[in-house]
Amino acid sequence: MRRNSLGNSDRSVWVENLGNGKFTVHALPWQAQIAPMNGIVAEDVNGDGFTDLVMVGNDYGNEVFIGRLDAALGWVFLGDGKGGFVPVPARESGFVVPGDAKALVKLTSSSGASLLYSLSKPIQTASLFGKAAGN
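How each quantity is defined
- Residues numbered from 1 in each chain as written.
- Predicted model: local features only at pLDDT ≥ 70, side-chain atom pairs only at ≥ 80, totals over all residues.
- Heavy atoms only, no water.
- Helix = DSSP H or I, 4+ residues; strand = E, 2+ residues; numbered from the N terminus.
- Buried < 20%, exposed > 50% of the residue type's maximum accessible area, 1.4 Å probe, protein only.
- Areas by Shrake-Rupley, 256 points an atom, 1.4 Å probe, with all protein chains shown as cover.
- Pairing = 2+ DSSP bridges.
- Axes fitted to C-alpha atoms, helices over the stretch in contact; angles between N-to-C directions.

Draft legend 1. Quick look at the overall build of the chain. Each helix and strand counted, the chain has 1 helix and 9 strands in total. Listing the helices and strands of the chain from first to last along the sequence gives β-β-β-β-β-β-α-β-β-β. The buried share among the 135 residues of the chain stands at 29%. Put simply, the chain shows about 8,200 Å² of open surface, and 53% of that area lies on carbon and sulfur atoms.

Draft legend 2. Just the sheet that holds strand β4 (residues 52–57), in detail. If you walk across this open sheet you meet the 4 strands as β3-β4-β5-β6, and the pairing is antiparallel. In this open sheet, the two edge strands, each paired with only one partner strand, are β3 (37–43) and β6 (85–87). Between one strand axis and the next, the sheet turns through 25° on average, direction left out of account.

The values are spatial; any link to function lies outside them.
Okay, here's the thing in structure tokens:
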């Protein structure tokens, strides 16, 4: 049995709970590996019934000689229902969060509208594929 120590991994992954204390680690597509990922919301953003991933990242707090890790603009990965995720370009998803984003949370208003909030600005999930996530 192969053991995978997440503490020693530099890959962005998702972990599948198989039950009975067993887990499987799955690497996300290469597009999720280009910059540190700091915030994630798992939500069906396109209404197909499969869990999708919306993520933010980057890291400006490195030593001067390393420089900023700033290749990310935010990510949307659509779930295929089989454990795989397909990246969606920002020009299609409308989701763009540049800069040193440290967190991503979903809030739901009293009217039922969902909003995603990142470190510096609110992003309405209605801008994702033209409709609110979870609606």
